[in-house]
Amino acid sequence: MKGKLESLVDKNNLPAHIVIIMDGNGRWANKKNLDRISGHREGMKSVRAVVQGAKDLGVKHITLYAFSAQNWQRPKVEVNALMELLKQYLLREGDKLLENGIRLNAIGRLWELPQDVHEVLEETIEKTKDGKELTLTLALSYGGREEIIDAVKKISCEKIAPEDVNQTNFARFLYTSDLPEPDLLIRTSGEMRLSNFMLWQLAYTEIYVTKTLWPNFRKRHLIKAILNYQRRERRFGLTGDQAKKREVI
Ligand code: IPE
Ligand code: IPE
Ligand code: MG
């Protein structure tokens, strides 16, 4: 049964692509006098709830910032625990993703992941590749600047004259070339920064920051973010009047 909050969602104006900076696991654990790793473990429950919630709402693309290029600099025990949790998630959830028609995708410098994690990731991507309900993209060893640098390297190997480089053909060299532009960015735990996430793609994305810590984030929080998004007026540089007319078209 659909809840009261969910019935307020305009299904004709859903964000096509929601991206989430899942932050606050450490603070959640700290508040409870637990170690940071317990916070990450608890955060996995939110991942499950939000992925299922997004699918049930009819959202087609969700991208989760799970591990940044800079997160490698954290203490080794924490990095190892995060890699282990990721592997467990993939092993445990793989079949469920498949059953639910969820296609797994990943962006970032995936080759930097430990080999066993990389293998399970590739296997799960392959196994779920026909999923049509929702594309779940995990950003792993991901950095926005790193992505732009990687794209520049790739494009410079192509036969494209410098004067022919434009936004459309450049974007084809980004990790996100097969994803729609993000409509909504959610960041949990209150920080007002991008932390090197999707620097190119977020150009006109609506930003929603909530104080809720990631391990406490559930489907109802996702719905609240979507409802907030649906009250926004997106202008893309136009005047308010122009933007309204464009919506009608
Ligand atoms: C987000 O939670 C998870 C990762 C960055 C991997 P944090 O671990 O950053 O939690 P805080 O910011 O310390 O609370
Ligand atoms: C961003 O969170 C990275 C992920 C959520 C994976 P961080 O906790 O690493 O960001 P900063 O350090 O607070 O900017
Ligand atoms: Mg953090």
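Not measured: the values here are computed from a predicted model.

A.B. asks: How should I be thinking about the overall build of the protein in this particular structure?
C.D. replies: Helix and strand counts for the protein come out as 9 helices and 6 strands. Its C-alpha atoms give the protein principal-axis dimensions of roughly 55 × 50 × 35 Å. Looking at the protein residue by residue over its 249 residues, the buried ones come to 51%. Counting contacts in the protein only where the partners sit at least 6 residues apart, residues at least 24 apart contribute 77% of the total. Counting only carbon and sulfur atoms, one obtains 51% of the accessible surface of the protein, whose full area is about 13400 Å².

A.B. asks: I would appreciate a short explanation of the site of ligand 1 in the present structure.
C.D. replies: By nearness alone, every residue bordering ligand 1 is listed as Met22, Asp23, Gly24, Asn25, Gly26, Arg27, Arg36, His40, Ala66, Asn71, Arg74 and Leu82. In the model, an oxygen atom of ligand 1 is placed 3.4 Å from a nitrogen or oxygen of the Gly24 main chain. In this structure, Arg36 approaches ligand 1 through a side-chain N or O atom, which is 2.8 Å from an oxygen atom. The fraction of the free accessible surface of ligand 1 (380 Å²) that becomes covered by protein chains is 86%. For ligand 1, the cavity whose grid points lie within 2 Å of the majority of its atoms is the largest pocket. Of all the secondary-structure elements, those providing two or more residues to the shell around ligand 1 are α2 (25–31) and α3 (36–57). Among the residues making up the shell around ligand 1, the classes are represented as 3 nonpolar, 5 polar and 4 charged.

A.B. asks: Mind showing me how you'd approach the site of ligand 2 here?
C.D. replies: Surveying the vicinity of ligand 2 reveals the residues Ile21, Met22, Asp23, Tyr65, Ala66, Phe67, Ser68, Asn71, Arg74, Arg187, Arg193 and Ser195. Taking Asp23, its side chain carries an N or O atom lying 3.2 Å from an oxygen atom of ligand 2. At 2.8 Å from an oxygen atom of ligand 2 is found a side-chain nitrogen or oxygen belonging to Arg193. For ligand 2, the accessible surface in isolation is 390 Å², of which the surrounding protein chains cover 78%. The pocket occupied by ligand 2, as judged from atoms lying within 2 Å of grid points, is the largest pocket. If you tally residues by element for the shell around ligand 2, the top one is strand β2 (residues 61–68), at 4 residues. Each residue belonging to the shell around ligand 2 can be placed in one class, and the counts come to 5 nonpolar, 3 polar and 4 charged.

A.B. asks: Where do I start with unusual backbone geometry in this structure?
C.D. replies: Outside of glycine, negative phi angles account for most residues, and trans bonds account for most peptide bonds. A positive phi angle is found at Ser195, which is not glycine, with a value near 50 degrees. By the secondary structure assignment, Ser195 is in the loop between β5 (184–187) and β6 (206–209). When its relative accessible area of 31% is taken as the criterion, Ser195 is described as partly exposed. One non-glycine residue, Phe236, lies in positive phi territory at about 50 degrees. Positionally, Phe236 belongs in the loop between α8 (219–230) and α9 (240–248).

A.B. asks: I keep staring at the packing of aromatic side chains and nothing clicks. Help me out?
C.D. replies: Aromatic ring pairs are defined here through the distance separating the ring centres and the angle between the ring planes. Evaluation of the coordinates by the stated rule reveals 8 aromatic pairs. The interplanar angle of 85 degrees and the centroid separation of 5.8 Å between the aromatic rings of Tyr65 and Tyr142 together place this pair among those described as edge-to-face. Of this pair, Tyr65 sits in strand β2 while Tyr142 sits in strand β4 (residues 134–142), placing them 77 residues apart in sequence. With respect to burial, Tyr65 and Tyr142 carry one shared label: buried. When the centroid spacing of 4.7 Å and the interplanar angle of 70 degrees are considered together, the rings of Phe67 and Trp72 count as edge-to-face. Each residue in the set Tyr65, Tyr142, Tyr175 and Phe197 is aromatic and connected to the rest through ring pairs, giving one cluster.

Quick notes on the rules
Residues numbered from 1 in each chain as written. Chains lettered and ligands numbered in written order. Predicted model: local features only at pLDDT ≥ 70, side-chain atom pairs only at ≥ 80, totals over all residues. Heavy atoms only, no water. Helix = DSSP H or I, 4+ residues; strand = E, 2+ residues; numbered from the N terminus. Buried < 20%, exposed > 50% of the residue type's maximum accessible area, 1.4 Å probe, protein only. Contact = heavy atoms within 4.5 Å. Areas by Shrake-Rupley, 256 points an atom, 1.4 Å probe, with all protein chains shown as cover. Near = heavy atom within 4 Å. Polar contact = N/O pair within 3.5 Å; in protein donor to acceptor, adjacent residues only side chain to side chain. 1 Å grid on protein atoms, 1.4 Å probe; cavity = no way out; pocket = protein on both sides within 12 Å on 5 of 7 lines; lining within 4 Å. Sits in = over half its atoms within 2 Å of the grid points. Nonpolar A, V, L, I, M, F, W, Y, C, P; charged D, E, K, R; others polar. Phe/Tyr/Trp six-rings, centres within 6.5 Å; stacked < 30°, edge-to-face > 60°.

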